[in-house]
Amino acid sequence: MNLPKSSHNQTQGSAGISLVWVIAGGVIIVVGGFLISLLTPAILPRAGSAQSVLIDNLFQVMLFISGAIFILVEGLLLLSVLRYRARKGDRGDGPPIYGNATLELVWTLIPAIIVAVLSIYSFVVWSQIETRPDNAQEVGVVGQRFAWTFNYEATTDDLPPNMDMSRVPEDIAATLNNGEAISFSYPQLHTWVNQPVTVSMETQDVIHSFWIPGMRMKQDVLSGRVTTMSFTPIESGVFRIVCAELCGGGHGEMAGRVTEDGDLAGAWLIVHASEQEYLEQFYYPELEKILYPPEDPVLLGRQEIQNYPCSGCHTLSDLGWTGTTGPILDGVASRTARLDATGFATMSEYLHDSIRQPGAYLVPGFNNLMLQFNPEPDHANYMPDSDLDAIVAYLLTQTGN
Ligand code: CUA
């Protein structure tokens, strides 16, 4: 291996390439890498968070380096094929080359430096996006097959102005007066521009992965653990939320989608222009549904059913649901043939049982995938009898084919 540095074989290869060509090649590599890196916004979705700017910059640097290396390697390959091809009648061998310590040192050192720089840069970006800001809005996220549910809290400090305390149910008023928080659920994540958000995520069943491509943030949701993730939106708008872990037949329904009518179905992140707009258009109206529940059980049930993760799996036109993993709820109150199959006397009894014990009778063609909703608060998937009665009262109004 220890050959004299300038054997005639090595000088022969480079003698034909002048300095001008080397400089021109260098310029093509750098400019080409730069042009390739400009593709970043076309490759990635709209950058909607402070974190996405950091990540996109890192991605752009990586694309520049890999683009330059691509042009270098492919350029040398093309050059070799054209310049050193066998001419007509040339039956000779190539020159015997026994190694070049300088070259080997250079092609080991340069990648080592690139990898080291990228590792440090990536670590700095990772540390920044893993920061949990003190002033963050905190939202609970529950993943289950096949929907996301977002849990918001309210204490006496968060109540709408001009509250009519006389209309608030006693138990809720007592909780608030004790200084404790009340909570409500919603199928979308709402926040506002420049407000850091920290989500605490749990799963009711298998592993899911909570991904907001526009925020460039993704985190697995694991059984028996609470995982967290923070981001700060920098522009208002709507951003898709996606489940990025195959979790069963309805996995695709855990992603936000736009219906034929242009409505947003499934999970979406809605970023309002200001805190005021967030409070007026989302937080106060949703909170008021809990603070001033309707007395009509049908209206109450229509409200309550939307707080449970039913929309991912069922179709219910009245609420714009289009899920196909579970039986259709349109016209469910008219499917009296199920009474013969289950032995119940009334549709009310059948509907109660199908929520408390969904596996006891399966509508033909559907699998045993639905959560069992329990009447005791210490069980997972708690649904009080009062909610169940209201939800059944509402479902009994769903008649037709
Ligand atoms: Cu949840 Cu895929």
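Everything discussed here concerns the structure shown above.
Read on for an overview of the structure. Quantities reported herein were computed from a predicted structural model and do not represent experimental measurements.

Topic: the pattern of salt bridges
Tallied over the full model, the rule gives six salt bridges. Among the salt bridges present, the one from Asp56 reaches Arg216, with a minimum N-O distance of 2.8 Å. Highlighted residues: Asp56 in helix α4 (residues 50-83) and Arg216 in the loop between β6 (208-212) and β7 (217-221), separated in sequence by 160 residues. Judged by relative accessible area, Arg216 falls into the buried class, the value being 14%. With a shortest N-O distance of 3.3 Å, Arg132 and Glu130 are connected by a salt bridge. The exposure class assigned to Arg132 is partly exposed, which follows from its relative accessible area of 29%. Taking relative accessible area as the criterion, Glu130 reaches 31% and is therefore assigned partly exposed.

Overview of the layout of surface pockets
Put simply, the second largest pocket is a space of about 1200 Å³. Ser183, Ser185, Tyr308, Pro384 and Asp387 are the residues nearest the centre of the second largest pocket, which is lined by 37 residues in total. Of all the secondary-structure elements, those providing two or more residues to the lining of the second largest pocket are β1 (137-144), β2 (147-154), α6 (170-177), β3 (182-186), α7 (275-291), α8 (297-304) and α11 (385-395). Sorting elements by how many residues they give to the lining of the second largest pocket places β1 first, with five residues. When its residues are assigned to classes, the lining of the second largest pocket shows 18 nonpolar, 13 polar and six charged.

Quick look at the packing of aromatic side chains
Tallied over the full model, the rule gives 14 aromatic pairs. Aromatic pair Tyr278 and Phe282: ring centres 5.7 Å apart, planes at 50°, arrangement tilted. Of the two residues, Tyr278 and Phe282 are both situated in helix α7; the distance of four residues between them amounts to about one turn of the helix. Through successive ring pairs, a cluster of aromatic residues spans Tyr152, Phe184, Tyr186, Trp192, Tyr278, Phe282, Tyr283 and Tyr284.

Details of the packing of helix α10 (residues 347-356) against α11
The contact between α10 and α11 brings their axes to 10 Å, and the two run at 130°. With respect to each other, α10 and α11 are oriented oblique. Considering only the axes of α10 and α11, their crossing is right-handed. Note on element contacts: α11 touches α10 through Asp385, Leu388, Asp389, Ile391, Val392 and Leu395, opposite Ser348, Leu351, His352, Ile355 and Arg356.

Things to note about the sheet that holds strand β13 (residues 268-272)
Strand order across the open sheet formed by three strands is β4-β13-β9, with mixed pairing between neighbours. On the outer flanks of this sheet lie β4 (189-192) and β9 (237-240), each paired with one strand and no other. This sheet shows a mean twist of 20° between the axes of neighbouring strands, independent of strand direction. Two elements, β4 and β13, share four bridges in a ladder whose sense is parallel. Residue pairing in the sheet places Thr191 in a bridge with Val271 of β13. With respect to the sheet, α7 is in contact with β4 and β13, its orientation differing from that of β4 by roughly 145°.

Let's talk about the nonpolar core
Grouped together as the largest cluster of nonpolar side chains are 46 residues, with contacts concentrated most on Trp148, Phe150, Leu189, Phe210, Ile212 and Tyr283. Broken down by element, the residue count for this core peaks at eight residues, all from α7.

Section: the packing of helix α2 (residues 19-37) against α4
Remark: α2 packs on α4, axes separated minimally by 7 Å, with the N-to-C direction vectors making an angle of 135°. In terms of axis orientation, α2 runs oblique to α4. As α2 runs across α4, the sense of the crossing is right-handed. Contacts from Ile28, Ile29, Val30, Gly32, Gly33, Phe34, Ile36 and Ser37 of α2 reach α4 at Gln60, Leu63, Phe64, Gly67, Ala68, Ile71 and Leu72. Of the residues in the contact of α2 with α4, the class split is 10 nonpolar, five polar and no charged.

Scoring rules and cut-offs
Residues numbered from 1 in each chain as written. Predicted model: local features only at pLDDT ≥ 70, side-chain atom pairs only at ≥ 80, totals over all residues. Heavy atoms only, no water. Salt bridge = Lys/Arg side-chain N within 4 Å of Asp/Glu carboxyl O. Helix = DSSP H or I, 4+ residues; strand = E, 2+ residues; numbered from the N terminus. Buried < 20%, exposed > 50% of the residue type's maximum accessible area, 1.4 Å probe, protein only. 1 Å grid on protein atoms, 1.4 Å probe; cavity = no way out; pocket = protein on both sides within 12 Å on 5 of 7 lines; lining within 4 Å. Points joined across faces, edges and corners; volume = space filled by probe spheres on them. Nonpolar A, V, L, I, M, F, W, Y, C, P; charged D, E, K, R; others polar. Phe/Tyr/Trp six-rings, centres within 6.5 Å; stacked < 30°, edge-to-face > 60°. Axes fitted to C-alpha atoms, helices over the stretch in contact; angles between N-to-C directions. Parallel < 35°, antiparallel > 145°, perpendicular 65-115°, else oblique. Left-handed = near helix turned anticlockwise from the far one by under 90°. Contact = heavy atoms within 4.5 Å. Pairing = 2+ DSSP bridges. Core = buried A, V, L, I, M, F, W, Y, C linked by side-chain atoms within 4.5 Å.

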